[in-house]
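# Secondary and tertiary structure notes
The chain contents come next:
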Amino acid sequence: GERRGEPGRPRPLPPGLAAEVGDLAARVAAVRQRSTTLDAALVTATAPLPATAWLRSIPGLGPTLTAIMLAEVGDITWFTKFSQLRKLAGLDIIRVQSGQWAGTARISRCGRPLLRWALYQAALGACRTPAWRAKRTALLTKRQGDPHAFFKTIVELAAKLLRVIWGVWRSGRPYTAGQAGAPA
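A brief report on the enclosed structure follows. (Residues numbered from 1 in each chain as written. Predicted model: local features only at pLDDT ≥ 70, side-chain atom pairs only at ≥ 80, totals over all residues. Heavy atoms only, no water.)

Moving on, we get to unusual backbone geometry. Look at Arg109: it is not a glycine, yet its phi comes out positive at around 60°. For Arg109, the location among the structural elements is in the loop between β4 (106-107) and α5 (113-126). (Helix = DSSP H or I, 4+ residues; strand = E, 2+ residues; numbered from the N terminus.)

Once that is clear, we can look at the nonpolar core. Within the largest apolar cluster, 39 residues are counted, with the highest numbers of intra-cluster contacts made by Ile58, Leu119 and Ile165. Elements represented by at least two residues in this core include exactly α2 (50-56), α3 (63-73), α4 (82-89), α5, α6 (130-142) and α7 (149-171). Considering every element that reaches this core, the biggest residue donor is α7, with eleven residues. (Core = buried A, V, L, I, M, F, W, Y, C linked by side-chain atoms within 4.5 Å. Buried < 20%, exposed > 50% of the residue type's maximum accessible area, 1.4 Å probe, protein only.)

Examined against the element boundaries, Gly111 turns out to sit in the loop between β4 and α5. Separated by 61 residues in the primary sequence, Gly111 and Pro50 have C-alpha atoms spaced 25 Å apart. The contacts of Gly111, once residues within four sequence positions are left out, are Lys87, Leu88, Gly90 and Arg116. (Contact = heavy atoms within 4.5 Å.)

The final tally for this structure, using the stated rule, is four salt bridges. For the salt bridge of Asp23 with Arg27, the shortest nitrogen-to-oxygen distance reads 3.2 Å. Of this pair, Asp23 and Arg27 are both found in helix α1 (residues 15-46), four residues apart, which corresponds to roughly one turn of the helix. Asp146 is the salt-bridge partner of Lys152, the closest N and O atoms lying 2.8 Å from each other. For Lys152, a relative accessible area of 36% puts it in the partly exposed group. Members of the salt-bridge network, linked through shared partners, are Lys142, Arg143 and Glu156. (Salt bridge = Lys/Arg side-chain N within 4 Å of Asp/Glu carboxyl O.)

This part covers the side chain of Thr46. Assignment of secondary structure puts Thr46 in helix α1. Classification of Thr46 by relative accessible area gives buried; the value is 9%. Engagement of the side chain of Thr46 in a polar contact is seen with the backbone oxygen of Val43, the distance being 3.3 Å. Those residues in contact with Thr46 that lie beyond four places of it in its chain are Thr52, Ala67 and Leu70. (Polar contact = N/O pair within 3.5 Å; in protein donor to acceptor, adjacent residues only side chain to side chain.)

We now examine the packing of aromatic side chains. Per the stated rule, a full pass over the model turns up two aromatic pairs. Ring centres of Phe82 and Trp166 lie 6.2 Å apart, and the angle between their planes is 65°; this geometry places the pair in the edge-to-face category. Within this pair, whereas Phe82 is found in helix α4, its partner Trp166 is found in helix α7, the two being separated by 84 residues in sequence. This pair shows no difference in class: Phe82 is buried, exactly as Trp166 is. When the centroid spacing of 5.6 Å and the interplanar angle of 40° are considered together, the rings of Tyr120 and Phe151 count as tilted. Of this pair, Tyr120 sits in helix α5 while Phe151 sits in helix α7, and the two are 31 residues apart along the sequence. Overall, Tyr120 belongs to the buried group, its relative accessible area being 18%. (Phe/Tyr/Trp six-rings, centres within 6.5 Å; stacked < 30°, edge-to-face > 60°.)

The grouping of Leu13, Leu17 and Val21 at the surface amounts to a nonpolar patch, some 250 Å² of accessible area in total. By secondary structure assignment, the location of Val21 is in helix α1. The partly exposed category is assigned to Val21, whose relative accessible area is 41%. (Patch = residues over 30% accessible without salt bridge, like charges linked within 9 Å, V, L, I, M, F, W, Y side chains within 5 Å. Areas by Shrake-Rupley, 256 points an atom, 1.4 Å probe, with all protein chains shown as cover.)

Below is the structure:
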């Protein structure tokens, strides 16, 4: 058979494959640079908006996630009820049922995926604060034994965070812990 190299020593790639890997690495670096440039432009474009300061006061919302929220939601006055905003994010609960059969409740995942992703990331960031971490722990305890408990808990916290975002944005005042719907 074929002789193997020494253990722990990788064999060199064939020249064609090495060139392809180098090209792919350059493309990845270019895409990352473009993404960083776009993030910076988005943050710069949303910085003068009054809602930026209000949303930045909410735990878990940094400059990029705030800019994504502003870009994805648009004008908050378009939404007369919170349920409309929750539906835009695809975090509304649906249950498929027919006759006597009823499926399990789940989020609809309709709406804007980027907004849903940003809320999920913001919920992860909010859990770095003691109040939101305590809420996460309580929700995880409720779901003991569920293999998807962490994911479901963060999605539930993302929906709660969306409720806080709705309240702060509509009120025109910065976030203060202990407001209705927010962990104290």
